[in-house]
Amino acid sequence: MSIDEYLSFEERSPVKHEYVAGEVYALSGVTTRHNLITLNVTRHLHNVARSRGCKVFATDVKLRAAADRIYYPDMMVACGKAADVELIIEAPSVIVEVTSPSTRATDRREKLEAYRRITSLSLYLIVDQRRRHVLAYAREPGGEWLRDEVRGHGDIPVPVLDTSITMDEIYEDIELPPLAVGEGEEEEAWEEWEAREDGDS
């Protein structure tokens, strides 16, 4: 399917689809917890973004991450002329994905690779909806990407908006589910492997 065919198809479809190299992938529904986390991040960044000539977009706005990739990030911040578009954001400054067991690999590998190639992007946050845990990928002025991991409590800088967002703000009024036996250990092993991979790349 070409990009134009996809956009025409998507306009008529009752279900959202992401587009990767000619293939379309239907998006499943989200939990209420996922939705509330997205709303928390959006709410806490909205006013400060407006004061700096930026706009916050959530859930239903497309992102062209590459010539052959269109995604629906959970939240984006775009600034200046990059925000004044009708249909597809192409130059975001911040992207946030709220991850789940079914999307974790895509958010942390495929989308991470695609997003870090967007020249305008300065921050990519991967927010866990089952634990108070955020992976933050920030682009340094020289172009290097730094990875930070925040657990429990703490602040996450958002330099493009000259602000930060706290873990308490992200997880405000969120009741987290109990982790299954061994789930925490599996997550930690996955994250250690990812950190090594990031260090080697």
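Residues numbered from 1 in each chain as written. Predicted model: local features only at pLDDT ≥ 70, side-chain atom pairs only at ≥ 80, totals over all residues. Heavy atoms only, no water.

Engineer: What's the story with the overall build of the protein in this structure? I'm lost.
Structural biologist: From N to C terminus, the protein includes five helices and 13 strands. Put simply, the protein has 201 residues, and 43% of those count as buried. In the protein, 54% of the contacts between residues at least 6 apart in sequence involve partners at least 24 apart. For the protein, the accessible area works out to roughly 10500 Å², and carbon and sulfur atoms hold 50% of it. (Helix = DSSP H or I, 4+ residues; strand = E, 2+ residues; numbered from the N terminus. Buried < 20%, exposed > 50% of the residue type's maximum accessible area, 1.4 Å probe, protein only. Contact = heavy atoms within 4.5 Å. Areas by Shrake-Rupley, 256 points an atom, 1.4 Å probe, with all protein chains shown as cover.)

Engineer: Sorry, what's going on with the sheet that holds strand S9 (residues 123–128) here?
Structural biologist: Within a sheet, each strand pairs with its neighbour through backbone hydrogen bonds, oriented either parallel or antiparallel. With respect to topology, six strands assemble into an open sheet ordered S3-S6-S8-S9-S10-S11, the strand pairing being mixed. Two strands lie at the open edges of the sheet, namely strand S3 (54–58) and strand S11 (145–151), each paired on one side alone. Taken pair by pair, the neighbouring strands of this sheet meet at an average axis angle of 15°, ignoring direction. Here strand S8 (residues 94–99) runs beside S9; their pairing, made up of six bridges, is parallel. Counted as the bridge partner of Val-94 is Leu-123 from S9. Taken strand by strand, helix H2 (residues 32–51) contacts S3, strand S6 (75–79), S8 and S9, and its axis lies near 170° from that of S3. (Pairing = 2+ DSSP bridges. Axes fitted to C-alpha atoms, helices over the stretch in contact; angles between N-to-C directions.)

Engineer: Looking at this model, I keep getting lost on the packing of aromatic side chains. Mind explaining?
Structural biologist: Both the distance between ring centres and the angle between the ring planes are used here to describe each pair of aromatic rings. Applying the stated criterion to the full structure yields four aromatic pairs. Taking 5.1 Å as the distance between ring centres and 40° as the angle between the ring planes, the aromatic pair formed by Tyr-6 and Tyr-19 counts as tilted. With Tyr-6 in helix H1 (residues 3–12) and Tyr-19 in strand S1 (residues 17–20), the pair connects residues that are 13 residues apart, well separated along the chain. Judged by its relative accessible area of 0%, Tyr-6 is buried. Under the relative-accessibility criterion, Tyr-19 is labelled buried at 5%. Consider the rings of Tyr-124 and Tyr-137, whose centres lie 6.4 Å apart with planes at 25°: the pair is stacked. Taken as a pair, Tyr-124 in strand S9 and Tyr-137 in strand S10 (residues 133–139) lie far apart in primary sequence, 13 residues in all. (Phe/Tyr/Trp six-rings, centres within 6.5 Å; stacked < 30°, edge-to-face > 60°.)

Engineer: Where do I start with the pattern of salt bridges in this structure?
Structural biologist: This structure, assessed with the given rule, holds 14 salt bridges. The salt bridge involving Glu-90 is made with Arg-64; its shortest N-O contact spans 3.0 Å. Taken together, the positions of Glu-90 in the loop between strand S7 (88–89) and S8 and Arg-64 in strand S4 (residues 62–66) put the pair 26 residues apart, joining distant regions of the chain. Owing to a relative accessible area of 47%, Glu-90 belongs among the partly exposed residues under this scheme. Salt-bridge contacts for Lys-111 lead to Asp-107; the nearest nitrogen and oxygen are separated by 4.0 Å. A residue pair is termed a helical-turn pair when its members lie 3 or 4 positions apart in one helix, as Lys-111 and Asp-107 do in helix H3 (residues 104–115) at four residues. (Salt bridge = Lys/Arg side-chain N within 4 Å of Asp/Glu carboxyl O.)

Engineer: How should I be thinking about the environment of Leu-36 in this particular structure?
Structural biologist: Looking at the secondary structure, you find Leu-36 in helix H2. Between the C-alpha atoms of Leu-36 and Ile-174, which are 138 residues apart in sequence, the distance is 7.3 Å.

Engineer: Teacher, can you tell me more about the state of the cysteines here?
Structural biologist: In protein structure, a disulfide is the covalent linkage between the sulfur atoms of two cysteines. Applying the stated criterion across every chain, the model contains one disulfide. Between the sulfur atoms of Cys-54 and its disulfide partner Cys-79 the distance amounts to 2.0 Å. Taking the torsion about the sulfur-sulfur bond, which here is approximately 100°, the covalent link between Cys-54 and Cys-79 counts as right-handed. Of this pair, Cys-54 sits in strand S3 while Cys-79 sits in strand S6, placing them 25 residues apart in sequence. On the accessibility criterion, Cys-54 (5% relative accessible area) is buried. (Disulfide = S-S within 2.5 Å.)

Engineer: What is the right way to read the environment of Lys-111 from this model?
Structural biologist: Judged by relative accessible area, which is 6%, Lys-111 ranks as buried. Through-space distance from the C-alpha of Lys-111 to that of Tyr-124 is 9.9 Å; in sequence the pair is 13 residues apart. Setting aside anything within four residues of it in sequence, one finds Lys-111 in contact with Glu-18, Tyr-71, Glu-97, Thr-106 and Tyr-124.

What is shown is where atoms sit, not what they do.
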